[in-house]
Amino acid sequence: MKIIALQEGNYIADSKKEFKLITEKTNDPGLKMAIQPFVIITENDVILLDFGLGFVNDGIPFIHQMLKKNNIEPNLITKVLVSHLHKDHIEGIGYFENGNFIQNFPNAKIYIQKREIDFALEQVNNPSYVFEILNQLKKLSNVELMDNDSGTITDEIFYEVSAGHTKFHQVFWIKADDEIVFYGADDLPQKVYLSMHVAYKTDFDGKRAMESRKKWEQQAKDENWKVLLYHDMKTPVLEF
């Protein structure tokens, strides 16, 4: 099993949830974080974990540029596992051109919690969401709408609704070649979250997210997980 972090860069997110790339001259206030979707390559699949930001550079989607930088052709992606629908995790699904929605991965199967879509569409004044994209999701023939709290996607891919950061946020395990990779997305976005047992008010259910992290940390130690950290600026993959 091969793990690749698609490092889109380090950003500052302001109060309006606008993301600005950090440079040497950046002194803007806001929350600093990495944006880095992951690719997991197994014998059976090439799996993308979340889509990243939806920037398009010179007509090329940023997520495609990051894949090609890592010698992966975008059309090789077979499955996309979506944790939740905040803009920094879903925007890279596609873009609009002359009023038409163009998917970045039209041939991949995309796994999204149906209840997470419904929840997101209710957040009408929340700048964390891009509603033009949300309104497309149920229309896409390659989207698999999930409605269970836990289960299996394949013999290698497992999921669970963790319901911490958002109401129907989900996490994933990929088990292959005697390895276990865990993706906690924004319920475990950075390494520091394991040393600071805090219930964050910015989460839908901060206490539940905190308790989940404690459980996952112990399991990770017991089972030697590799933990993927979407927003960590120094440690994309934490090995136990």
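Positions within a chain are numbered from 1, following the residues in the order the chain's sequence is written. Where local features are concerned, this predicted model is filtered to residues with pLDDT of at least 70; where side-chain atom pairs are given and counted, the filter is 80 or more; whole-chain, interface and lining totals use all residues. Side-chain measures were taken over the full set of non-hydrogen atoms in the model, leaving aside hydrogen atoms and water.

**With respect to the pairing of strand 10 (residues 94-97)**
Pairing between two strands requires that DSSP report at least two bridges joining them. The helix count covers DSSP runs of H or I at least four residues long, the strand count covers runs of E at least two residues long, and both are numbered beginning at the N terminus. Pairing of strand 10 with strand 11 (residues 100-103) involves four bridges; the strand directions are antiparallel. In the strand pairing of strand 11, Glu 97 is matched with Asn 100. Hairpin connection of strand 10 to strand 11: two residues between the antiparallel strands, including Asn 98 at a positive phi of 55°.

**Notes on empty space enclosed by the protein**
Cavity means a closed set of points on a 1 Å grid over the protein atoms alone, one where a 1.4 Å probe fits but cannot get out, pocket means an open set with protein on both sides within 12 Å along at least 5 of 7 lines, and lining means a residue has an atom within 4 Å of a point. Grid points are joined across faces, edges and corners, and a volume is the space filled by probe spheres set on the points. Here the structure, examined in full by the defined rule, presents one cavity of 30 Å³ or more. The volume enclosed by the largest cavity comes to roughly 40 Å³. As for the largest cavity, its lining consists of Phe 182, Leu 188, Leu 194, Arg 213, Trp 216, Glu 217, Ala 220, Trp 225, Val 227 and Phe 240. Per-element accounting of the lining of the largest cavity gives the leading share, four residues, to helix 6 (residues 206-223).

**What about the pattern of salt bridges?**
For side chains bearing opposite charge, pairing can occur when the charged atoms are close. Each reported salt bridge corresponds to a side-chain nitrogen of Lys or Arg within 4 Å of a carboxyl oxygen of Asp or Glu. Throughout the structure, instances matching the rule amount to eleven salt bridges. The salt bridge partner of Glu 18 is Lys 87, with a shortest N-O separation of 3.9 Å. Here Glu 18, found in the loop between strand 2 (9-13) and strand 3 (19-21), pairs with Lys 87, found in helix 2 (residues 87-90); they are 69 residues apart in sequence, far enough to count as distant. Whether a residue is buried, partly exposed or exposed follows from its accessible area with a 1.4 Å probe, protein chains only, as a fraction of its type maximum: under 20%, in between, or over 50%, in that order. When its relative accessible area of 9% is taken as the criterion, Lys 87 is described as buried. One salt bridge connects Lys 109 with Glu 144, and the closest N-O pair in it is separated by 3.6 Å. Remark: Glu 144 occurs in strand 13 (residues 143-146) and Lys 109 occurs in strand 12 (residues 109-113); sequence separation between them is 35 residues. We classify Lys 109 as partly exposed; its relative accessible area is 30%. Several salt bridges converge on common partners, so that one network encompasses Lys 114, Asp 118 and Lys 138.

Interpretation in functional terms is not warranted from these geometric data alone.
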